[in-house]
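This is what each chain is made of:
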Amino acid sequence: MTKVLDESLSYFKDKISECIKNNKSISVTTHIDCDGLTSGSIITKALVRAGANCTVRTSKEFSEKVVKSLKTDSRDFHIITDLGGGFATNLDDVIGDDWIVLDHHQIPDKEFDNQNVINSWKYGIDGGNDICAGGMAYLASMALDDKNSDLSAIALIAALGDRQDQGERKSFTGMNFEIANTAKELGLVDIDLDLLLAGRETRPLPDSLAFTAHPFIEGLTWNRGACLSLLNSSGINLKEDGRWRVPSELDENEKRQVIESISKFISDKNSTEMMTELIGYTYTFPKEDRRSFLRDGREFSTMLNSCGRINRSGVGIAICMGDRNKILREGEEILADYRKMIREYMKILANERWRISETETCVMVNGEDIVPEMMTGTISSLIAGAPKNSGKIVILRTKGEENTIKFSSRKSFSCKSKINLSDIMRRGAEKFEGIGGGHDAAAGAKITKDKLDEFLNYLEVNVVKLQSTDNNQ
Ligand code: C5P
């Protein structure tokens with residue numbers, strides 16, 4: 001049965017007001033990815049504005065160990081954002097009633113009745129597409145004070161980071177659409193149809209095309225030389241007064257010329273799909289400086305994902321909370337380092353073919369000793385974005401800390417499988433004493449190394465074989 005969101009939000013407000021009134025300290029624990037950093041920042045900013053005594057920290061996953069650490073830290077009340085699904089009983093047992101989870105990941109049914117779980121699915125809101133943790137934190141911040149409506153801009157970045165721009169032409173749907181409209185009405189964001197090139201506001205045109213990995217264009221993605229000659233042959237001016245132009249400076253005619261050249265270059269069975277992927281709604285923050293990486297919503301979200309994944313979450317949180325000083329240079333450097341790392345990992349995975357085992361419906365990739373644990377999600381998304389994997393399920397694994405193996409699974413573009421990856425990962429992990437969960441189309445799991453063979457067999461039976469039966473029906 002679905003619950004009433006307003007009641008939960010007013011319960012949240014009461015809990016926070018009680019903390020503020022009684023001078024109780026609050027800790028915010030959030031995930032390290034873009035949705036985690038934005039949701040943590042939104043709620044922390046709202047708490048600071050409300051006069052709460054609070055701190056924010058990040059965690060790359062949630063576990064019994066994290067729950068224990070909440071118990072031993074000196075804070076009185078705990079808000080957990082973008083994490084914590086499946087841990088309600090454990091939280092109740094260890095820290096009593098002094099916690100709230102704001103989240104959008106799928107949760108077991110038994111958590112629906114726990115008041116302290118404020119999760120979109122409880123209210124019939126699709127947490128895979130229509131709202132993310134940033135959106136849930138935004139709703140909670142609005143429950144505290146409607147002056148927090150300016151935080152809608154950060155919630156929009158959260159949704160971009162979690163790839164929830166799944167409506168027509170990469171628009172938002174459901175609650176995300178409403179949040180984006182609020183930001184637009186407040187003049188915080190411009191929403192336009194445009195070419196979706198990476199680094200729209202910052203990258204010289206050839207680099208921008210070369211860095212565009214969604215869609216992954218074989219022959220162009222990460223091949224600056226090929227991009228430069230393609231753009232030169234399109235006839236547009238690549239420089240102005242000796243300076244490289246960036247995609248956001250192209251006029252309509254020039255954009256058409258670029259599109260034409262790219263579609264000629266692709267010309268395979270996926271070209272229509274891919275060209276559709278290349279044009280969509282852009283989200284521009286007019287208050288950010290021109291040519292700043294914070295001006296384009298998607299670039300902002302990539303920077304936040306990079307921060308977490310290379311252990312620099314603090315920089316991302318500072319930027320989301322409004323810091324625009326020296327920290328910006330750090331953000332820029334993080335983005336550059338992160339992109340370089342991704343290129344290297346993808347190159348190695350492409351060259352070492354023994355790491356990849358493929359069927360018609362699945363791609364299993366062994367990233368051990370190459371892909372760091374924190375980057376499995378990024379790399380599995382990229383592999384799933386490659387046109388040759390269109391329609392398939394991608395499962396990447398790598399070594400994690402303390403003798404563990406981390407799995408990251410994705411449904412690729414146009415994958416029609418009925419398999420729910422969140423269920424698969426959660427059930428499989430539970431079976432082998434690990435942790436797992438996520439969404440229908442993107443989920444992760446972690447198990448200890450000694451269970452690897454059994455877990456791979458489980459995936460073989462429940463994903464690889466099932467997928468091929470699914471496909472043959
Ligand atoms: O780790 P990865 O990026 O593959 O995870 C995909 C999605 O699944 C993310 O949204 C992540 O937060 C979620 N997840 C989860 N529980 C886990 C592992 C991943 O909810 N144990």
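Residues numbered from 1 in each chain as written. Predicted model: local features only at pLDDT ≥ 70, side-chain atom pairs only at ≥ 80, totals over all residues. Heavy atoms only, no water.

Visitor: Summarise the sheet that holds strand S13 (residues 404–411); cite the residues concerned and give the values.
Guide: Whether parallel or antiparallel, the strands of a sheet pair through hydrogen bonds between backbone atoms. Across the sheet, which stays open at both edges, the 6 strands sit in the order S10-S11-S12-S13-S15-S14 with mixed pairing between neighbours. Strand pairing shows two members of the sheet lacking a second neighbour, strand S10 (356–358) and strand S14 (435–438), which therefore form its edges. Each neighbouring strand pair of the sheet contributes to a mean axis angle of 15°, computed without reference to strand direction. Lying on the sheet, helix H15 (residues 376–385) is in contact with strand S11 (362–366), strand S12 (393–400) and S13; it crosses S13 at an angle near 35°. (Pairing = 2+ DSSP bridges. Helix = DSSP H or I, 4+ residues; strand = E, 2+ residues; numbered from the N terminus. Axes fitted to C-alpha atoms, helices over the stretch in contact; angles between N-to-C directions. Contact = heavy atoms within 4.5 Å.)

Visitor: Residues and numbers for the sheet that holds strand S2 (residues 53–59), please.
Guide: Spatially, S2-S1-S3-S4-S5 is the arrangement adopted by the 5 strands of the open sheet, whose pairing is parallel. Pairing within the sheet leaves two strands with one partner each, and these edge strands are S2 and strand S5 (117–119). Going from strand to strand, the sheet's axes swing by 15° on average, the running direction of each strand aside. Pairing of strand S3 (residues 77–81) with strand S4 (residues 99–103), which is carried by 4 bridges, proceeds in the parallel orientation. From the neighbouring strand, Thr-81 faces S4, where its bridge partner is Leu-102. Packing against the sheet, helix H1 (residues 5–21) makes contact with strand S1 (25–31), S3, S4 and S5, and its axis sits at approximately 140° to S3. Helix-sheet contacts for helix H5 (residues 133–144) involve S4 and S5, and the interaxial angle to S4 is about 125°.

Visitor: Lay out the site of the ligand in plain terms, naming residues and giving numbers.
Guide: Near the ligand lie 14 residues; those nearest to it are His-105, Lys-406, Ser-408, Arg-410 and Gly-438. A distance of 3.5 Å separates an oxygen atom of the ligand from a polar atom in the backbone of Ala-443. Look at the ligand: alone it shows 450 Å² of surface, and the protein chains cover 78% of it. At the level of elements, S13, S14 and strand S15 (442–448) are the ones that each hand at least two residues to the shell around the ligand. Looking at the shell around the ligand, its residues break down into 3 nonpolar, 9 polar and 2 charged. (Near = heavy atom within 4 Å. Polar contact = N/O pair within 3.5 Å; in protein donor to acceptor, adjacent residues only side chain to side chain. Areas by Shrake-Rupley, 256 points an atom, 1.4 Å probe, with all protein chains shown as cover. Nonpolar A, V, L, I, M, F, W, Y, C, P; charged D, E, K, R; others polar.)

Visitor: Go over the environment of Thr-359, please, and point to the residues and values.
Guide: Relative to the elements of secondary structure, Thr-359 occurs in the loop between S10 and S11. Given the relative accessible area of 34%, Thr-359 is considered partly exposed. On a C-alpha basis, the gap between Thr-359 and Lys-392 in space is 8.9 Å, while along the polypeptide they are 33 residues apart. Beyond its immediate stretch of four places on either side in the chain, Thr-359 contacts Lys-392 and Val-464. (Buried < 20%, exposed > 50% of the residue type's maximum accessible area, 1.4 Å probe, protein only.)

Visitor: Can you lay out the packing of aromatic side chains for me, pointing to particular residues and giving the numbers?
Guide: As enumerated under the stated definition, the model contains 7 aromatic pairs in all. Aromatic pair Phe-432 and Tyr-458: ring centres 6.2 Å apart, planes at 80°, arrangement edge-to-face. Of the two residues, Phe-432 is situated in the loop between helix H16 (421–431) and S14 and Tyr-458 in helix H17 (residues 452–472); the sequence distance between them amounts to 26 residues. What makes Tyr-458 buried here is its relative accessible area of 6%. Lying over the aromatic face of Trp-244, Lys-239 brings its terminal NZ or CZ to 4.6 Å of the ring centre. If you follow Arg-339 out to its NZ or CZ, it ends over the ring of Phe-211, 5.4 Å from the centre. (Phe/Tyr/Trp six-rings, centres within 6.5 Å; stacked < 30°, edge-to-face > 60°. Lys NZ or Arg CZ within 6 Å of the ring centre and 35° of its normal.)

Visitor: Explain helix H6 (residues 152–161) residue by residue, including any values.
Guide: Burial analysis of H6 places 10 of its 10 residues in the buried class, the great majority of the element. For H6, every residue scored as buried is listed here: Ser-152, Ala-153, Ile-154, Ala-155, Leu-156, Ile-157, Ala-158, Ala-159, Leu-160 and Gly-161. In this structure, the buried residues of H6 make contact with helix H2 (34–49), H5, helix H7 (174–185), strand S9 (279–284), helix H12 (297–309) and helix H13 (313–320).

Visitor: Explain the pairing of S11 residue by residue, including any values.
Guide: Most of S11 is tucked away, with 5 of its 5 residues classed as buried. Covered by surrounding structure in S11 are Cys-362, Met-364 and Asn-366 together with Val-363 and Val-365, the residues of both alternating faces. By the bridge criterion, 3 bridges tie S10 to S11 in an arrangement that is antiparallel. When the sheet's bridge partners are listed, Glu-358 is paired in S11 with Val-363. The pairing of S11 with S12 spans 5 bridges and is classified as parallel. Its bridge partner lying in S12, Cys-362 is registered against Ile-393. Read as a crossover between parallel neighbours, the route from S11 over H15 to S12 is right-handed. (Right-handed = clockwise from strand over helix to strand, strands pointing away.)

Visitor: How would you explain the packing of helix H3 (residues 64–72) against helix H4 (residues 88–95) if you had to name every residue and give the values?
Guide: The geometry of H3 relative to H4 is characterised by a closest axis approach of 10 Å and an angle of 30° between their N-to-C directions. Taken together, the axes of H3 and H4 lie roughly parallel to each other. You can see that H3 and H4 cross each other, and the crossing is right-handed. Residues Glu-64, Val-67, Lys-68, Leu-70 and Lys-71 of H3 lie in contact with H4, whose contacting residues are Asn-90, Leu-91, Val-94 and Ile-95. In terms of residue class, the contact of H3 with H4 is made up of 5 nonpolar, 1 polar and 3 charged. (Parallel < 35°, antiparallel > 145°, perpendicular 65-115°, else oblique. Left-handed = near helix turned anticlockwise from the far one by under 90°.)

Visitor: Summarise the domain arrangement of the chain; cite the residues concerned and give the values.
Guide: Looking at the chain, the domain boundaries give domain 1 (3–188), domain 2 (202–273), domain 3 (284–351) and domain 4 (352–472). For domain 1 and domain 3, the distance between their C-alpha centres works out to 22 Å. Contact with domain 1, which involves 21 residues of that partner, is made by 17 residues of domain 3. When domain 1 packs against domain 3, the two sides together hide about 1,600 Å² of surface, and 69% of this comes from carbon and sulfur. At the boundary of domain 1 with domain 3, the tally comes to 1 salt bridge. Note that Asp-165 and Arg-298 form a salt bridge whose closest N and O atoms lie 2.9 Å from each other. On inspection of domain 1 and its partner domain 3, the count reaches 3 residue pairs in polar contact (both at pLDDT 80 or more). Of all the secondary structure elements, the ones that give two or more residues to the side of domain 1 that touches domain 3 are H2, S2 and H6. Among the residues forming the side of domain 1 that touches domain 3, the class breakdown is 11 nonpolar, 6 polar and 4 charged. (Domains from an automatic or database assignment. Buried area = accessible area lost by both parts, 1.4 Å probe. Salt bridge = Lys/Arg side-chain N within 4 Å of Asp/Glu carboxyl O.)

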